[in-house]
Structure formats: C-alpha cells, structure tokens
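# Close look at the chain arrangement
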Amino acid sequence: MAQIAENWLSDPATQSITQALTRAGAAVYFVGGCVRDSLLKRPISDVDIATDAEPTEVTRICEQSNLRVIPTGIHHGTVTVISDGKAYQITTFRRDVKTDGRRAQVAYSSSLETDARRRDFTMNALYCTPEGKVIDVVNGIHDLTEGKVRFVGNPKDRIKEDLLRSLRLFRFFAWYGNPKIGIDKAARTAVTQNLDQLATLSRERVGAEVLRLLAAENPTPAITIMEETGILQVILPRACVKHLVALVNLGVESDPVQCLAAFGGDRQEPLRLSNRDANRVRRLQQIAESDESPELLGYRYGARDAVSGLELRAARSQTRLTSSKRKAAVAGSRHRFPVRSRDLSDRFTGAQLGKALKRLEGRWIASGFSLSRSELLKSIEAVEDFT
C-alpha cells in the first residue's frame, strides 16, 4: 500500500482541520492533486479534502474549532476552510444525479468509492488518510506510474457529464502522460464523437484550459494529437502548430501565453482571454513580425516581452536566439528617454507637445540612445521643425 509523508500532510494548519473533523466522527480523506503530485514528488499547490460530513456539518464543526468557513461552492457540496491563512476546499462525498454537459446536479453520498467513480481521471481519484495511507479504488496509481491518462469508467459517460473533460484529457496528458503511450484509445474515440458539442462551452473556460495545457514543459505531443482528432480546429479554427513545435524545440522556458502566440495572428479570439493575456499575445506577435533591433524592442516592450517575441521570431525562421540578442534586449529595457514634457512646456502645448517629444525620441533612438538631455534640447532649432 502506497504511503505519503509530505510536509503539507503534517502541517499544523492541515492537521487542525483534520483533527477537528475526525474528533466529530467525520471521515476525512485528502483527494486529487495533492495526492497525485505527492506520489510523483512534485510541488503541491492546493490541498483538497473529501468527507462524508455534509457542508452544514463541516461548517459547524470547523467554526466551533475557530476556523473560518467560506461557502464557496456549497450548492455543490464544497466549503473553503481557512487555517493559519491557508485555504482548504472540503467537499462532501457526492454522486451525480443529472448532468447536461456543463453543470451537474449532485446528491451527497457516504461512500468514498461512489465519490471516486464520479471523478474524471483515475490519477485524480486517489485519496489518502490523514496519516498518509493512499486509497486507490480505480487503479489510479498504476495509471499515474505508467503515464496513462485514463477516464474513470466509461469515457463517453464522463465526457457527457462535463464536456470540458475533452480538453482536460489533453491538459493532463501534457502534464502527466507518457508520449510513447499516447492518448488512451477509448478516451480518444469518446472525444472525437463529441466534437460538435464543444461549441456549447464558454470561451472563458476553454481559454483557461488551453493556457493550463500550454503551461506544461512540453505541450506539443498533446497539441499534435488535438490537431489529429479535430478538437484543435474546433476551438482554434485557424491554429498552426508548426511554430509552436519550433518554439518548444528551442528549449525556452515554459510560457503559456508565448506558446499561444506561436499559434499565430488573431486566432486566440475564440478563447476570450483576459485583457492582459490577449494584449500580450498581440504584443508578442508584433515583436515577432517586426524587423526592429533587439535593443529597440527591449526599450519599447521591456526585457521579458522583447526576449519572448524574439524567441517567436527565431522559431518562425527555424533559428536560435543568440545570447548577444538576448543581452541587447535586456540592455534596451534599461534605457530611459531623458526628455520630459516639462522640458518643452514653455515652447509647445497640446498635440504639438506630443509631436515634439516623439520627434526628439526618434532622434535619440537613431543616435543609438546616446544623445543626452541637453544635446536633445539643443537640437530644437525652431518651433516649426516640430509642428
């Protein structure tokens, strides 16, 4: 029987919750990512707890132990408990009563096995006791060890319950799958049979799932299979994979927005990204398509985006970004235009002031960022030159 002995398990913040629940007679198990990633010796981001106690009972028990409770998903059996400033999601064992592909109507259960059977993938249906003893009722440990991303039960049923699981399949394959094995055949068949239903998903949910996939160290095997199955064409109709493959082959540090930009153009619109991510996608595309020098790009966009955009440029041309170009972009990001509006306010106002500043900045850039403030100001020979 597998055993976990990680720091998060013995953390006093964690133990205060489990002890409060177990003293009250509730069954307590850790579940999902914290168990899965602990078995793989990967970092843990969230600690989720499953219990046979219903949300109202969990709330009562925790509040009596001076723990703050937030009803974040109480209609689905989930509350968030704050212990020592850390958030823990506690969910009652559940079974699905009715689903429509986007949301489920659930009923509470007293059975861990019933709860496990409604989860998406076997590697996510692993539980462990407060003492670290792993409970596996769906052969999840074997699949996790082999790098096999397999649905719990019938893949068709799991996808019909939540259509987003078609995308999660590829996300988990990117993060945990063995490329030599590939996607589970039954899962692949179920995905292709539900392609026409994906258009009903919210673009925000699809976008979030795609970014999580692209955050994997090497997302290209998953993306390639998505293209083969037709799912990529459904969610990103004009996506082009070859530049993403070239980018990953450069060995760059994982950056999901940069990977998304590698698909090209305005093809990200169907994902309805956040304004921040959408703007950065366009910015990186502009950099990749420009012929401006690394130093100038660093000045205009900052070191991070300049280097990311230059990496995209290199991927498009099947070359590598040289160390000298990286250093030039970083150096450019440190340049600061020495003239301010107040330096010209006695000569120009309104639109003329903006035009004058732009002209001076152009002269400064053309000088290789070398002209000083005094030299730039002396270069103004006549107001007419800047109007």
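Computed from a prediction, not measured in an experiment: that's the story for all the values here.

Turning our eyes to something else, we now look at the pairing of strand S1 (residues 28-31). As paired elements, S1 and strand S2 (residues 48-51) share four bridges and run antiparallel to each other. Considered in S2, the bridge of Phe30 is made with Ile49. Alignment of S1 against strand S8 (residues 126-128), held across two bridges, turns out to be antiparallel. Its bridge partner lying in S8, Phe30 is registered against Cys128.

Another aspect to go through is the pattern of salt bridges. Applying the stated criterion to the full structure yields 24 salt bridges. Here Arg212 ties to Glu209 by a salt bridge, and the two come within 3.6 Å at their closest N and O atoms. Here Arg212 pairs with Glu209, and both are found in helix H10 (residues 203-214), just three residues apart, close to one helical turn. Given the relative accessible area of 44%, Arg212 is considered partly exposed. You can call Glu209 buried: its relative accessible area is 2%. If you follow the salt bridges from partner to partner, you end up with Asp255, Arg280, Arg283 and Asp305 in one network.

With that settled, the discussion passes to helix H16 (residues 294-301). One turn of an α-helix holds 3.6 residues; hence residues three or four places apart share an orientation. Listed in full, the buried residues belonging to H16 are Pro294, Leu296, Leu297, Gly298 and Tyr299. Taken together, the buried residues of H16 touch helix H15 (275-289), helix H17 (303-316), helix H18 (323-333) and helix H20 (350-366). Just past H16, the residue Gly302 takes up positive phi, approximately 90°.

Within the secondary structure, Arg188 sits in helix H9 (residues 185-192). Along the chain, Arg188 and Leu360 lie 172 residues apart, while their C-alpha atoms are 59 Å from each other.

Generally speaking, nonpolar side chains in soluble globular proteins are found buried as a group. Of all hydrophobic cores here, the largest spans 93 residues; its most connected members are Phe170 and Leu260. In terms of residues, this core owes the most to one element, helix H8 (residues 165-176), which gives seven residues. In this view, Phe170 contacts Ile183, Val191, Leu213, Ala222, Ile225, Met226, Thr229 and Ile231; residues no more than four positions away in its chain are not counted. In terms of nonpolar packing, the next biggest core, distinct from the first, is built from 16 residues, Val339, Leu357, Phe369 and Leu376 among them.

Further remarks concern the sheet that holds strand S5 (residues 86-92). With mixed pairing, the seven strands of this open sheet are ordered in space as S3-S4-S5-S2-S1-S8-S9. The open sheet terminates on both sides in strands that have one partner only, identified here as strand S3 (68-73) and strand S9 (134-136). Sheet twist, expressed as the mean angle between neighbouring strand axes with direction ignored, is 35°. Judged from the four bridges that link them, S2 and S5 form a sheet pairing that is parallel.

Per the counting criterion, the structure on display carries nine aromatic pairs. Residues Phe172 and Tyr176 carry aromatic rings whose centres are separated by 5.9 Å and whose planes lie at 20° to one another, so their mutual orientation is stacked. Residue Phe172 and its partner Tyr176 are located together in helix H8, separated by four residues, close to a single helical turn. Assigned by exposure class, Phe172 and Tyr176 land together as buried.

The sheet contact formed by strand S4 (residues 78-83) and S5 spans six bridges and is antiparallel. The partner of Val81 across the bridge, within S5, is Tyr88. Counted between consecutive antiparallel strands, the loop separating S4 from S5 contains two residues, among which Asp84 sits at a positive phi close to 55°.

Turning to empty space enclosed by the protein, a few remarks are in order. By the definition in use, this model includes two cavities of 30 Å³ or more. Of the voids in this model, the largest cavity is the one considered here, and its volume is about 40 Å³. Residue lining of the largest cavity: His243, Ala261, Ala262, Gln285, Leu312, Ala315 and Arg316, and that is the complete set. When contributions to the lining of the largest cavity are tallied by element, the ones reaching two or more residues are helix H14 (256-262) and H17. In terms of residues, the lining of the largest cavity owes the most to one element, H17, which gives three residues. Here the residues of the lining of the largest cavity are counted per class, giving four nonpolar, two polar and one charged. The calculated volume of the second largest cavity comes to roughly 30 Å³. Together, Leu167, Glu209, Val210, Leu213 and Met226 line the second largest cavity. For the lining of the second largest cavity, a count of residues per class yields four nonpolar, no polar and one charged.

Backbone geometry places Gln318, a non-glycine residue, at a positive phi of 60°. Looking at where Gln318 falls in the secondary structure, it is placed in the loop between H17 and H18. For Gln318, a relative accessible area of 62% puts it in the exposed group. One non-glycine residue, Phe369, lies in positive phi territory at about 65°. Within the secondary structure layout, Phe369 lies in the loop between H20 and helix H21 (373-378).

Calculation rules
- Numbers given for residues are sequential positions, taken from 1 along each chain in its written order.
- Only residues with pLDDT of 70 or above have their local features reported here, since the model is predicted, and side-chain atom pairs are shown and tallied only from 80 upward, although totals for entire chains, interfaces and linings are computed over all residues.
- Side-chain numbers come from the whole structure's heavy atoms, not from hydrogens or water.
- Two strands pair under a simple rule: DSSP has to find at least two bridges between them.
- Under the scheme used here, helices are H or I runs from DSSP no shorter than 4 residues and strands are E runs no shorter than 2 residues, and both carry numbers assigned from the N terminus.
- When a carboxyl oxygen of Asp or Glu is within 4 Å of a side-chain nitrogen of Lys or Arg, the pair counts as a salt bridge.
- Summary of the burial criterion: residues with accessible area below 20% of their type's maximum are buried, those above 50% are exposed, and those between are partly exposed, where the area comes from a 1.4 Å probe applied to protein chains only.
- A contact between two residues is defined here by any heavy atoms of the two lying within 4.5 Å.
- Each nonpolar core is a collection of buried residues, namely Ala, Val, Leu, Ile, Met, Phe, Trp, Tyr and Cys, held together in the definition by side-chain atoms within 4.5 Å.
- Axis definition: a line fit to C-alpha positions, over the contact stretch in the case of helices; interaxial angles, taken between N-to-C directions, run 0 to 180 degrees.
- Between 30 and 60 degrees the pair is tilted, below 30 it is stacked and above 60 it is edge-to-face, where a pair is any two Phe, Tyr or Trp rings, Trp via its six-membered ring, whose centres lie within 6.5 Å.
- Cavity means a closed set of points on a 1 Å grid over the protein atoms alone, one where a 1.4 Å probe fits but cannot get out, pocket means an open set with protein on both sides within 12 Å along at least 5 of 7 lines, and lining means a residue has an atom within 4 Å of a point.
- Grid points are joined across faces, edges and corners, and a volume is the space filled by probe spheres set on the points.
- Charged means Asp, Glu, Lys or Arg here, nonpolar means Ala, Val, Leu, Ile, Met, Phe, Trp, Tyr, Cys or Pro, and polar covers whatever is left, Gly included.

On their own, these measurements won't tell you what the molecule is for.
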